[in-house]
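# Architecture and fold: a report
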Amino acid sequence: MFPNDVDVSTSQDIVTLSGSVDNLLAKERAVKIAEGIRGVLGVVDRITVTPMSRPDADISKDIQAALRQDPATVAYKVSVSVQDAVVT
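The sections below set out a description of the structure shown in this document.

Turning our eyes to something else, we now look at the pairing of strand 2 (residues 14-21). Burial within strand 2 is extensive, with 6 of its 8 residues counted as buried. Summarising the sheet, strand 1 (residues 5-11) and strand 2 pair through 7 bridges and their orientation is antiparallel. Looking at strand 2, one finds that Val6 is bridged to Gly19. Hairpin connection, strand 1 to strand 2: the antiparallel pair is bridged by 2 residues, and Gln12 has positive phi, about 50°. In this sheet, strand 3 (residues 42-49) lies alongside strand 2 in parallel orientation, the contact comprising 8 bridges. Residue pairing in the sheet places Val21 in a bridge with Val49 of strand 3. Read as a crossover between parallel neighbours, the route from strand 2 over helix 1 (residues 24-35) to strand 3 is right-handed.

Given below as structure tokens:
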């Protein structure tokens, strides 16, 4: 299966999305696109999010960068540790 593999089926103007994507934004975008199609009465979201594996050091670096760039957290001293993709 590809990282973003979404199947689309329709029945009586209801769209069902199923499959797997590698991030939450891709899932949300797929649902929004389906909801925006003229004639669609509803969307059943059966998409699962299966993140790609990343090294702990990369995850930690990205989290720290995001916290430094966010106006709500930039003023706080935050320690980040990552072990087996679990962030504390």
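It is worth spelling out the side chain of Thr16 at this point. In this fold, Thr16 is placed in strand 2. Judged by its relative accessible area of 18%, Thr16 is buried. The contacts of Thr16, once residues within four sequence positions are left out, are Asp7, Val8, Ser9, Val44 and Arg46.

Mapped onto the elements, Ser60 comes out in helix 2 (residues 56-69). The class of Ser60 is buried, set by a relative accessible area of 13%. Apart from residues no more than four positions distant in its own chain, Ser60 is found in contact with Val80 and Val82.

Conventions used here
Residue indices begin from 1 for each chain and proceed along its sequence in written order. Per-residue local features of the predicted model are confined to residues with pLDDT of at least 70, and side-chain atom pairs are confined, for both listing and counting, to 80 or more; whole-chain, interface and lining totals are unaffected and use all residues. Where side-chain values are given, they derive from all heavy atoms of the structure, hydrogens and water being excluded. Here's how the labels work: a residue is buried when its accessible area is under 20% of the maximum for its type, exposed when over 50%, partly exposed in between, all with a 1.4 Å probe on protein chains only. Runs of E in the DSSP output that reach at least two residues are strands. Runs of H or I that reach at least four are helices, and both are numbered from the N terminus. Pairing between strands is defined by DSSP: at least two bridges between them are needed. For crossovers, right-handed means that the path from the first strand over the helix to the second runs clockwise, given strands pointing away from the viewer. Between two residues, a contact is recorded if the distance between any of their heavy atoms is within 4.5 Å.

Treat this as a map of the structure, not an account of what it does.
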